[in-house]
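Below are the chains, spelled out letter by letter.
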Amino acid sequence: MEIFQDVTFNVQITKHTFCNYQLKIDDKVMSLTFPQLLQLRNKVQTLTSLDSLENIIQNENFVLLFIADRKHLVFLDIPKLLDLKEELEYCFSVN
């Protein structure tokens, strides 16, 4: 029996084929290639550094993030940004 069977997460990354991934944030689903996923990981790591988080919290308390070569624009508040960081870390640690 799976523990997380009935739990839905706000941010999910699933692997579809060898280099194609699908990112789901709330109800928005985006297709990503592996290079786009790497680029997203770098952006998120930069945004979640301590100085960047302090700056975000002091100013607007959210981030607008372009994903997949500017095909998608996503509004992320701090908890969702941290969830995305966690999901990306998990994705790269497992695969």
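Another point: the overall build of the protein chain. Along its length, the protein chain carries 3 helices and 5 strands. When the helices and strands of the protein chain are listed from N to C terminus, the series reads β-β-β-α-α-β-β-α. Taking all contacts inside the protein chain whose residues are at least 6 apart in sequence as the whole, residues at least 24 apart take part in 45%. Accessible area for the protein chain stands at about 6,600 Å²; split by element, carbon and sulfur atoms hold 52% of it.

Let us look at the nonpolar core. Membership of the largest hydrophobic core comes to 23 residues, with the highest contact counts inside it found for Leu 23, Ile 25, Leu 40, Leu 65, Ile 67 and Leu 84. For this core, the elements supplying multiple residues, two or more each, are strand 1 (11-15), strand 2 (20-25), strand 3 (28-33), helix 1 (34-47), helix 2 (50-58), strand 4 (62-67), strand 5 (72-77) and helix 3 (78-94). In terms of residue count, the dominant contributor to this core is helix 3 (5 residues). If we ignore the near neighbours within four places in the chain, the residues touching Leu 23 are Val 11, Gln 12, Ile 13, Lys 28, Val 29, Met 30, Leu 32, Leu 40, Ile 67 and Leu 84.

If you trace the backbone, Thr 17 turns up in the loop between strand 1 and strand 2. Classification of Thr 17 by relative accessible area gives partly exposed; the value is 42%. A C-alpha to C-alpha distance of 9.6 Å links Thr 17 and Thr 33, two positions 16 residues apart in sequence. For Thr 17, the side chain forms a polar contact with the side chain of Asn 20, separated by 3.0 Å.

The next subject is the pattern of salt bridges. In this structure the tally under the stated criterion is 2 salt bridges. Across the salt bridge formed by Asp 26 and Lys 80, the nearest N and O atoms sit 2.3 Å from each other. With a gap of 54 residues between them, Asp 26 in the loop between strand 2 and strand 3 and Lys 80 in helix 3 connect regions that are remote in the sequence. A salt bridge links Glu 89 to Lys 85, with the shortest nitrogen-to-oxygen separation between them at 4.0 Å. Separated by 4 residues within a single helix, Glu 89 and Lys 85 lie in helix 3, roughly one turn from each other. Judged by relative accessible area, Glu 89 falls into the partly exposed class, the value being 43%.

About the criteria used
Residues numbered from 1 in each chain as written. Predicted model: local features only at pLDDT ≥ 70, side-chain atom pairs only at ≥ 80, totals over all residues. Heavy atoms only, no water. Helix = DSSP H or I, 4+ residues; strand = E, 2+ residues; numbered from the N terminus. Contact = heavy atoms within 4.5 Å. Areas by Shrake-Rupley, 256 points an atom, 1.4 Å probe, with all protein chains shown as cover. Core = buried A, V, L, I, M, F, W, Y, C linked by side-chain atoms within 4.5 Å. Buried < 20%, exposed > 50% of the residue type's maximum accessible area, 1.4 Å probe, protein only. Polar contact = N/O pair within 3.5 Å; in protein donor to acceptor, adjacent residues only side chain to side chain. Salt bridge = Lys/Arg side-chain N within 4 Å of Asp/Glu carboxyl O.

Distances and angles like these do not, on their own, reveal function.
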